[in-house]
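Overview (structure and organization)
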Amino acid sequence: MTSLPSQGRVVLVIIPLVYFVFVAAEFGAMTYHALAATQAGRSAFAVGLLAASMWTGILVARLAAHSVIGRLGYARSFVVGSTASMISLASFALHDVFLLWTSGALTLGLGAGLVWVAGESWLAEVAPPMRRGFFVGLFETAVGLGLMVGPLIIPTAQALNLDPLVMASVVMVGAWVSSLFLPGARPGTSSEAAPSNQDPTLAAWWSPTWPLLAVSMVSGVMGALGFAGMTSRA
């Protein structure tokens, strides 16, 4: 890492940190929504639809991310996704309308998917070749830790006599502010440009990927419905 430009070192540090905080806020809010909807008497299908809306947004964003990153670059794509997710999550605390929760979860997923692709791709590009696996693994570890820590926002907020959605929003704002320190995130700062040409090897695997994406989406929806069913019986 000593031979890396300073911008590269900033990217390698900030992206895993931001994504850990981002995922923690995201899943803290979604876990609270699942519990609140269940307590309000919503069906297992409705709660599962709420969870599936976020994952649908992530899927759509990941499919469109290459085009967005090609136009905006890594840094601005990362910040745009963070901003969309932050606004969406903050809006949850302003109302208890289930339909708006569902549409908000979709927007939250769209922002999260863009942040995911932009962050992981940028990290892999600037990491030293011999340590690329380490830093990509660090990013994925941050995802897992965020999934684990996120639901803890609920008891922590209750212990502090705070609204869990407000606390999750504050955590998400922290992730958004941190993303502004990425090189190229603010006007007047430079950034590594996003790759402009698609890898020719993509054509070889893109066609068989579509059926796999369809199966993954169905599996995700079924998993969400199963989780919702267990939650509603608890």
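Report on the accompanying structure. Everything quoted here is computed from the prediction, not taken from an experiment. Each chain has its residues counted from 1, following the order in which its sequence is written. Only residues with pLDDT of 70 or above have their local features reported here, since the model is predicted, and side-chain atom pairs are shown and tallied only from 80 upward, although totals for entire chains, interfaces and linings are computed over all residues. With hydrogens and water set aside, each side-chain value is computed from the structure's full complement of heavy atoms.

**Here we look at the nonpolar core**
- We define the nonpolar core as a collection of buried residues of types Ala, Val, Leu, Ile, Met, Phe, Trp, Tyr and Cys that are connected through side-chain atoms lying within 4.5 Å of one another. Relative accessibility under 20% of the residue-type maximum defines a buried residue, over 50% an exposed one, and the middle range a partly exposed one, all with a 1.4 Å probe and only protein chains included. Counting 53 residues, the largest nonpolar core has I15, Y19, F22, L89 and W122 as the members making the most contacts within it.
- A run of DSSP states H or I qualifies as a helix once it reaches four residues; a run of E qualifies as a strand once it reaches two. Both are numbered from the N-terminal end. Those elements that place two or more of their residues in this core are helix 1 (6-39), helix 2 (44-92), helix 3 (98-126), helix 4 (132-149), helix 5 (153-159) and helix 6 (164-179).
- Residue contributions to this core peak at 15 residues, all from helix 1.
- Whether two residues touch is decided by their heavy atoms; if any such pair falls within 4.5 Å, the residues are in contact. If sequence neighbours within four positions are ignored, I15 has contacts with F78, G119, W122, L123, F139 and L182.

**Overview of the packing of helix 3 against helix 4**
- At a closest axis distance of 9 Å, the pairing of helix 3 and helix 4 adopts a crossing angle of 160°. Classed by the angle they form, the pair helix 3 and helix 4 counts as roughly antiparallel. Here helix 3 runs over helix 4; the crossing is right-handed. Contacts between helix 3 and helix 4 involve W116, G119, E120, L123, A124 and E125 from the former and R132, F135, V136, F139 and E140 from the latter.
- Of the residues belonging to the contact of helix 3 with helix 4, the class tally is 6 nonpolar, 1 polar and 4 charged. Axes here refer to lines fitted to C-alpha atoms; in helices the fit is confined to the stretch in contact. Angles between the N-to-C directions go from 0 to 180 degrees. Geometric relationships in this document are graded by angle, where less than 35 degrees denotes roughly parallel, more than 145 denotes roughly antiparallel, 65 to 115 denotes roughly perpendicular, and other angles denote oblique. Note: crossing handedness is left-handed where the near helix turns anticlockwise from the far helix by less than a right angle, and right-handed where it turns clockwise. Under the convention adopted here, Pro, Cys and the residues Ala, Val, Leu, Ile, Met, Phe, Trp and Tyr are nonpolar, Asp, Glu, Lys and Arg are charged, and Gly plus all remaining residues are polar.

**Concerning the packing of aromatic side chains**
- Note on aromatic pairs: the rings of Phe, Tyr and Trp (six-membered ring only in Trp) are paired at centre separations within 6.5 Å, and the planes decide the class, stacked below 30 degrees, edge-to-face beyond 60, tilted for the rest. In total, this model carries 6 aromatic pairs according to the counting rule given.
- Ring centres 6.0 Å apart and planes at 55° place the aromatic pair F27 and W55 in the tilted group. With F27 in helix 1 and W55 in helix 2, this pair connects stretches of sequence that are 28 residues apart.
- Judged by its relative accessible area of 16%, F27 is buried.
- For W55, a relative accessible area of 42% translates into the label partly exposed.
- Residues Y74 and W122 carry aromatic rings whose centres are separated by 5.9 Å and whose planes lie at 15° to one another, so their mutual orientation is stacked. One end of the pair, Y74, is in helix 2; the other, W122, is in helix 3, and 48 residues separate them in sequence. Comparing Y74 with W122 shows no difference in burial state: the two are buried.
- Each member of the aromatic cluster is reached from another via a ring pair, and the members are Y19, F22, W116 and F139.
- The positively charged end of R62 is found above the aromatic ring belonging to W116, 4.6 Å away from the centroid.
- Whether a charge sits over a ring depends on NZ of Lys or CZ of Arg being within 6 Å of the ring centre and within 35 degrees of the ring normal. Positioned above the aromatic ring of F134 is the side chain of R131, whose terminal nitrogen or guanidinium carbon lies 4.8 Å from the ring centre.

**A closer look at unusual backbone geometry**
- With a phi angle near 60°, N161 is a residue other than glycine that sits in the positive phi range.
- Residue placement: N161 occurs in the loop between helix 5 and helix 6.
- With relative accessibility at 71%, the residue N161 sits in the exposed group.

**A word on helix 2**
- One less than the number of residues in a helix, times 1.5 Å, gives the span that helix is expected to have. Relative to the 72 Å expected for 49 residues at 1.5 Å per residue, helix 2 spans just 20 Å between its end C-alpha atoms, considerably shorter than the ideal helical length.
- Note on bend: at a given residue it equals the angle between the axes fitted to the 7 residues ending there and to the 7 starting there. The sharpest bend along helix 2 measures roughly 115° and falls at G73.

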